[in-house]
Amino acid sequence: MGCGAAGHGAVRSPPGPRGGAAGASQRAGLQREVPSNCIKTSKYNIITFLPVNLFEQFQEVANTYFLFLLILQLIPQISSLSWFTTIVPLVLVLTITAVKDATDDYFRHKSDNQVNNRQSQVLISGVLRQEQWMNVRVGDIIKLENNQFVAADLLLLSSSEPHGLCYIETAELDGETNMKVRQAIPVTSELGDTSKLARFDGEVICEPPNNKLDKFGGMLYWKENKYPLSNQNMLLRGCVLRNTEWCFGLVIFAGPDTKLMQNSGRTKFKRTSIDRLMNTLVLWIFGFLVCMGVILAIGNAIWEHEVGVCFQIYLPWDEGVHSAFFSGFLSFWSYIIILNTVVPISLYVSVEVIRLGHSYFINWDKKMYCAKRRTPAEARTTTLNEELGQVEYIFSDKTGTLTQNIMVFSKCSVNGHSYGDAQEMLGHKAELGERPEPVDFSFNPLADPRFQFWDPSLLEAIKLGEPHVHEFFRLLSLCHTVMSEEKSEGELYYKAQSPDEGALVTAARNFGFVFRSRTPKTITVHELGRAITYQLLAILDFNNIRKRMSVIVRSPEGKIRLYCKGADTILLERLHPINHDLTNVTTDHLNEYAGEGLRTLVLAYKDLEESYYEEWSERLHRASSAHEAREDRLAQLYDEVEHDMMLLGATAIEDKLQQGVPETIAILTLANIKIWVLTGDKQETAVNIGYSCKMLTDDMTEVFVVTGHTVLEVREELRKAREKMMDASRSTSNGFSYQEKLSSSKLTSVLEAITGEYALVISGHSLAHALEADMEVEFLETACACKAVICCRVTPLQKAQVVELVKKYKKAVTLAIGDGANDVSMIKTAHIGVGISGQEGIQAVLASDYSFSQFKFLQRLLLVHGRWSYLRMCKFLCYFFYKNFAFTMVHFWFGFFCGFSAQTVYDQYFITLYNIVYTSLPVLAMGVFDQDVPEQRSMEYPKLYEPGQLNLLFNKREFFICIAQGIYTSVLMFFIPYGVFADATRDDGAQLADYQSFAVTVATSLVIVVSVQIGLDTGFWTAINHFFIWGSLAAYFAILFAMHSDGLFQMFPNQFRFVGNAQNTLAQPTVWLTIALTTVVCIMPVVAFRFLKLDLKPELSDTVRYTQLVRKKQKTQHRCMRRAGPVGSRRSGYAFSHQEGFGELIMSGKNMRLSSLALSSFTARPSTGWIETLRKKKGSDSSTAGSPSSAASKTLKV
């Protein structure tokens, strides 16, 4: 197989030493080399690990920067620090990262070896032999047995089942656990034994390798004939053979060319806003470092020129230094080395450790564990945790995410009569809360005991022989792609492509029309106890464009009839005009069902003449065999026959909301998170779910519905919506016109000026126009002015486009949540993707950053874990920059008193251990465990979430405050001991001021001050915090005394020269008074400022903590929590939940044999109004920055 200029591949299979498959041969003009079937997901081997891993790690700017510093330190002319002060932390970081990478790669190697060494039966010289998967080649014929994994992408040649059928499970490919059927082409289905297969010498010309799981195009050339190939003839690697004794297949794609491996591309790497800010700040710090280096270098040059020349006799310049200017140049590099700790390498390691801890907290949270499904929450990435505390927009799927995706047949309309309302004994409609006993289906031995229906009149109509009702359920029992398995006599088990189909076929089963079994060309139904077999002539398959499916069957009497079911918007326009009156009645019923939140479906039929069907069938066969434009030709033929149909009625299916959805949405809304629902369902369904979820309420000022079919219509509807919002705002502004309001506050968004609550509902065809470049800003401004936005009938691509639009123009963090394959693009596009492990497989989970089983867990993920992660990371960064500036800037001040000679204040071992031992663990403990308020209060007061959305806790302003505090601390840290030591004496009258004593005093003051500071910053004390803070202090003194001990001096006399210095220095009361004075002067302003802020301008978290303390003191009873009752208004509709391709599969010849809510947002005190002010400012800035000013102004001047 190979790829040529035409983009096709060739697999020849002439008789040869490998039996029926001589391997891959290249067709003329095809030069592509075919890979082996060995897969490799690992990155390294024993030889390449060290160089490749180091190369990857030095792609990080920080690592390269520290390597550059290490090289500078190896130059004796400029280095005043030993090389180990940099190499120890650098090697530690590189080692930790390398161990992590090696561990990950070891598991990849293990997985690869396990897969590559699986055994497969390959036909070699007419005999089946065991071969490892890695030795399978393109062109080989291999045999699979039941429950075996498929080794490569195979063309199915034959199987043990009739008509060359086989059954597969594709969970590893697409997450769907239901079985699918594949069939060999008839010409090869008879090749059932090895002798015939050994003589097989066909050639396959096919498409090049690609990642499309549901499409395959190719042609088999054999015995001077050609046979078209499709995806229904293929067994893809990763599938498992089920309920089939054996099958043979020809290897088409192997190894990395298989569709499974083609789909294993890397997910786009996501970075948080804090990551991006940190990169900017590190660049600023580096610039600041260069400026300090330049200042000190200039100082060195001036000092050497003015003062240093006087001391040349006993302080000569180093060798090679001949001028003051060159001395200053060398001094610059020396100070770059000394001052490099303003950007410590341990920062990046600490950030990753904290994020890993936060991820484990999410994984271990028992309150996010679903016992029913045994599914815990899972953080599938460790890089986005703090961004969970900054989400402003949530984009949610509906089916399976907000709802359970478990369908129940609820109501139906047959020939203008509606069934399904619960009836009283006298036949009147039962009142709410008076539901009687369900319908008794005991007459039907094949009924599903779990099915319930509440209207006995429908069963009576069947028993009375009502022909339309019989035809209605006959359609439901025939028009589907459900597979049936009879585990024991009368015990039927249905495997449906979608929950909708399963619900409909089960309803027909209970009402006496039991789908029993199917063969490739027949369907057997038990109609009221009588077995009837229909000849299956054709299945006109479902897809997202057709939004319907049909079957053509021949009854035992010889009558040919087409049965069709589909979305009302599609089917009602395809009915015969004679149905006009019935259509009006049925439409009323559809609207009634939609208003009750049900998913609707219209049913119709059409009788076909034998002659017409024969002629149409011949054209269908030619279209099916076409090599080009096959889908278009089939679609035209389907469209032709599905006209002038007779209306039978409609079905209504209930898809219940998940538990806790309304409460979750209400709380998230109070946290100022905007929720947009993006669904493929019809408008009525989506609107109803909006009311059920409390997104839409009857108290809203207005719900705007945009349904325009042209650009002009959509633009006009959006313009009218904005006009109405503006008029309402103008009427409440006491004569202050809307335009004046805009110009005075310089707002560019309708969002900032309107009053009242609005909602926007827009359909998919209108959304397509709204997302065009010239209208997207208008749409976005209108949508953002609304409290709720619902987009219905949208495609997966449109979901991603809506998310991308908000990301593009709004400085806001977006989160997308869904459960199906159609949500994957949206999940990958958003800043944060959340997958629901629900009824639609695991595709969404595999593409997500976080996953859990129920939508209600989202509020805990954001309001507890997200808020805490953001709070902890911000406090960690503020403290980290503070402590390192306090540590490093002392060298800067010392430079003015040491002739700018690049002499360090601290001992070089202290410099090495400061960020690794003395201050690393306390700040890690705070970053991992800290809390401002308990989790219950985080959920009770959603407004606590807002500081994260506004990015208040760590931004450029907060960074500069931390830097200023660090510089202030460094000034006091240097000048107080310097001033004291200038005149101080020891107890014995000797001068106290020596360099080593000064260094010990400053270092001890620093460690104590930063330890006290982190104690002040810690809001939630644990045993670990205590142990790390006080343990780090103890470790400092232990190491300090050890380094100045006799023992180390005797072992390393050249390294530890100052014996007893620490003991002598710290034995002086003056030194301890100096340390105490420094600590008090450094800490008191911080304490005073925080007391004043707490009293004069408390934050909401401060108020919540104070309230909690008051409650504990007063021992008052817990506040009663009201539960929101059901809302009166309901709406709904239907979307066809089905998969394309299943009908064609059946018709190609398949035997479907199967073996207490706290909604209170805290009453804000007047002092908390600054949040709203900042929010308005932020919205204004984001609109100005995100959208072109001209476009924005056009949007508003309507």
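No experiment lies behind these values; they were computed from the predicted model shown. (Residues numbered from 1 in each chain as written. Predicted model: local features only at pLDDT ≥ 70, side-chain atom pairs only at ≥ 80, totals over all residues. Heavy atoms only, no water.)

Asker: Is there a simple way to think about the overall build of the chain in this case?
Answerer: For the chain, the count of helices and strands is 40 helices and 33 strands. Counting over 1198 residues, the chain shows a buried share of 56%. About 51,400 Å² of surface is accessible on the chain, with carbon and sulfur atoms providing 58% of the total. (Helix = DSSP H or I, 4+ residues; strand = E, 2+ residues; numbered from the N terminus. Buried < 20%, exposed > 50% of the residue type's maximum accessible area, 1.4 Å probe, protein only. Areas by Shrake-Rupley, 256 points an atom, 1.4 Å probe, with all protein chains shown as cover.)

Asker: How should the nonpolar core be read in this particular structure?
Answerer: Among soluble globular proteins, nonpolar side chains are generally buried collectively. Counting residues in each nonpolar core, the largest one holds 96 residues, and the members touching the most others are Phe 876, Leu 877, Tyr 906, Phe 910, Phe 954 and Leu 1006. The next biggest cluster of nonpolar side chains, apart from the first, holds 50 residues, and it includes Tyr 419, Leu 504, Val 514 and Ile 539. (Core = buried A, V, L, I, M, F, W, Y, C linked by side-chain atoms within 4.5 Å.)

Asker: So what exactly am I meant to see when it comes to the pairing of strand 3 (residues 127-132) here?
Answerer: The side chains of a regular strand alternate, first on one face of the sheet and then on the other. One ladder, built from 6 bridges, connects strand 2 (residues 119-124) with strand 3; its direction is antiparallel. Counted as the bridge partner of Ser 120 is Glu 131 from strand 3. Between strand 2 and strand 3, which pair antiparallel in sequence order, lie 2 residues; one of them, Ser 125, sits at a positive phi of approximately 55°. (Pairing = 2+ DSSP bridges.)

Asker: I tried to follow helix 33 (residues 1023-1043) on my own but got confused; where do I start?
Answerer: An α-helical segment advances 3.6 residues per turn. Residues three or four places apart therefore align on the same side. Under the 1.5 Å per step criterion, the end-to-end length of helix 33 is 29 Å for 21 residues, consistent within 8% with the ideal 30 Å. Along helix 33, the positions that sit buried rather than exposed are Asn 1025, Ile 1029, Ser 1032, Leu 1033, Tyr 1036, Phe 1037, Leu 1040 and Met 1043. At its buried positions, helix 33 is contacted by helix 27 (908-918), helix 28 (920-929), helix 32 (995-1017), helix 34 (1046-1051), helix 35 (1061-1066) and helix 36 (1069-1096). (Expected span 1.5 Å × (residues − 1). Contact = heavy atoms within 4.5 Å.)

Asker: I'm lost on the packing of helix 7 (residues 273-306) against helix 26 (residues 857-895) in this one. Help?
Answerer: Any two packed helices are characterised by the angle at which their axes cross and by the distance between the axes. At a closest axis distance of 12 Å, the pairing of helix 7 and helix 26 adopts a crossing angle of 5°. With respect to their mutual orientation, helix 7 and helix 26 come out roughly parallel. Residues Ile 274, Met 278, Ile 285, Phe 288, Met 292, Ile 295 and Leu 296 of helix 7 lie in contact with helix 26, whose contacting residues are Tyr 870, Met 873, Cys 874, Leu 877, Phe 881, Phe 885, Met 889, Phe 892 and Gly 895. Of the residues belonging to the contact of helix 7 with helix 26, the class tally is 15 nonpolar, 1 polar and no charged. (Axes fitted to C-alpha atoms, helices over the stretch in contact; angles between N-to-C directions. Parallel < 35°, antiparallel > 145°, perpendicular 65-115°, else oblique. Nonpolar A, V, L, I, M, F, W, Y, C, P; charged D, E, K, R; others polar.)

Asker: How do you make sense of the sheet that holds strand 5 (residues 153-159) when you look at a structure like this?
Answerer: To summarise the sheet geometry, strands pair through backbone hydrogen bonds and adopt either a parallel or an antiparallel arrangement. Strands sit in the order 3-2-4-13-5-11 across an open sheet of 6 strands; the sheet is antiparallel. Only two strands of the sheet have a single partner each, and these edge strands are strand 3 and strand 11 (234-235). Relative to strand 13 (residues 246-253), strand 5 runs antiparallel, the two sharing 6 bridges. Looking across to strand 13, one finds that Leu 156 is bridged to Gly 249.

Asker: Would you explain the sheet that holds strand 15 (residues 391-396) in this entry?
Answerer: Sheet architecture is open: 9 strands sit in the order 14-33-32-31-15-27-30-29-28, paired in mixed fashion. Looking at which strands have only one partner, the edges of the open sheet turn out to be strand 14 (378-379) and strand 28 (702-706). Relative to strand 30 (residues 788-792), strand 29 (residues 758-763) runs parallel, the two sharing 5 bridges. In the sheet register, Ala 759 faces strand 30, and the bridge partner there is Ala 788.

All quantities given are derived from atomic positions and should not be read as evidence of function.
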